[in-house]
Amino acid sequence: MVEQNANVAVDSASNHRPVVRLVKVHKRFGKLIVLNGVNLELRRGETTVIIGESGSGKSVLLNHIVRLLKPDSGEVYFHDQRIDDLPERELTVLRPRFGYLFQLSALFDSLSVAQNVAFPIVEHTKKGRKEVDEIVRRKLGMVGLDGLQDKWPAQLSGGQKKRVALARAIALDPEIVLYDEPTTGLDPPRADEINELILKLKRELGVTSVVVTHDMASARKVADRIVMLYGGEFIFDGTPESIDRSDDDRVRCFVEGRCAADVLQSLHEKGQT
């Protein structure tokens, strides 16, 4: 049973306007059901963290938000515009309003740091070289890397690559920033630098953020709200404080870092399997 609303990660009492809405979204790959009619509202200015086991559909959900994937059925809205059925030419106009930090950074190895950050600006605007260079300098400054413009991705540490990718993600001043496993592969101090940047961008840019992560320390630090995917459905929707009080064995297993076998055994003993 879902805590709060069954299979609906929505707080209807909130006064925040939703930036993104997913309505009864289904997605399957072959016989594998990944999203089973999920509903989700992402509220303006909030950071929503999506947790769940590997393969639970977190990244698939993220890709539906930015319309890199289309649902098999259901609807996706950005503000009041339905986007799941938009033709590619209209999506090209819409996508600069989203920033996306990919799990492995996805920097272009053949481009310098400055060229990587400038890439979306050059692709989506007609700004001149001087203005582009100034935006690049400012965005790199926000992530603490101004001065590294002429470096190549191969010369950067893992944490620096993440920060360059984040500077690129915010180059066009998006309304919503999507983070796919932003701390994966980083040691705790570098991971916490990324957490601090997520908080900083929310504070200084007022962006709506969606963070997919396995890292509960990160989730607790950056989240206004945590939702958990399990079996293609949301089984938890609440605050970082309330997740520790969950009485759902599946949620507790994930939060406490126990193995799935523990959950199955517990559910079996309770007659829930």
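Just so it is clear, the model here is predicted, and its values are computed rather than measured. Counting starts from 1 at the beginning of each chain's written sequence and moves along it residue by residue. Local features in this predicted model are restricted to residues whose pLDDT is 70 or higher, and side-chain atom pairs enter the listing and the counts only when it is 80 or higher, whereas totals over whole chains, interfaces and linings include all residues. Note that water and hydrogens are dropped before the side-chain values are worked out from all heavy atoms of the structure.

With respect to the sheet that holds strand β11 (residues 233-238)
Formally: In this analysis, strands are considered paired if DSSP registers two or more bridges between them. Strands here are runs of E lasting at least two residues and helices are runs of H or I lasting at least four, both read from the DSSP assignment and numbered beginning at the N terminus. Inter-axis angles, ranging from 0 to 180 degrees, are taken between N-to-C directions of lines fitted to C-alpha atoms, where helices are fitted over the stretch in contact.
Taken in spatial order, the 6 strands line up as β7-β8-β9-β4-β10-β11 in an open sheet, and their pairing is mixed. A strand with exactly one partner marks an edge of an open sheet, and here the two such strands are β7 (98-101) and β11. Each adjacent strand pair in this sheet contributes to an overall mean axis angle of 15 degrees, direction not counted. In terms of strand pairing, β7 meets strand β8 (residues 176-180) through 4 bridges, oriented parallel. By the bridge assignment for β8, Y100 is matched with L178.

A word on the pairing of β8
Formally: The buried label applies to any residue whose accessible area, calculated with a 1.4 Å probe on protein chains only, is under 20% of its type's maximum; exposed applies above 50%, and partly exposed to all values in between. The definition of a right-handed crossover adopted here requires that, viewed with the strands pointing away, the path from the first strand over the helix to the second runs clockwise.
Burial runs high along β8: 5 of the 5 residues are buried. Across 5 bridges, the pairing between β8 and strand β9 (residues 208-212) is parallel. What sits directly across from I176, in β9, is T208. For the crossover that starts at β8, traverses helix α6 (residues 188-205) and ends in the parallel β9, the hand is right-handed.

Quick word on the packing of helix α3 (residues 113-124) against helix α5 (residues 158-169)
Put simply, the test is: Working rule for angles: under 35 degrees goes down as roughly parallel, over 145 as roughly antiparallel, 65 to 115 as roughly perpendicular, anything else as oblique. Note on convention: near helix rotated counterclockwise from far helix by under a right angle means a left-handed crossing. Clockwise means right-handed. The criterion used for residue contact is that any of the two residues' heavy atoms lie within 4.5 Å.
Closest axis-to-axis distance for the α3/α5 pair is 7 Å, and the angle between their directions is 30 degrees. If you check the angle between α3 and α5, you find them roughly parallel. In this structure, α3 meets α5 at a crossing whose hand is right-handed. Contacts from V113, N116, V117 and P120 of α3 reach α5 at V164, A167 and R168.

Thoughts on helix α1 (residues 58-65)
With 7 of 8 residues buried, α1 is to be regarded as a mostly interior element. Residues K58, V60, L61, L62, N63, H64 and I65 constitute the buried set of α1. Looking one or two places after α1, you find R67, whose phi comes out positive at around 60 degrees.

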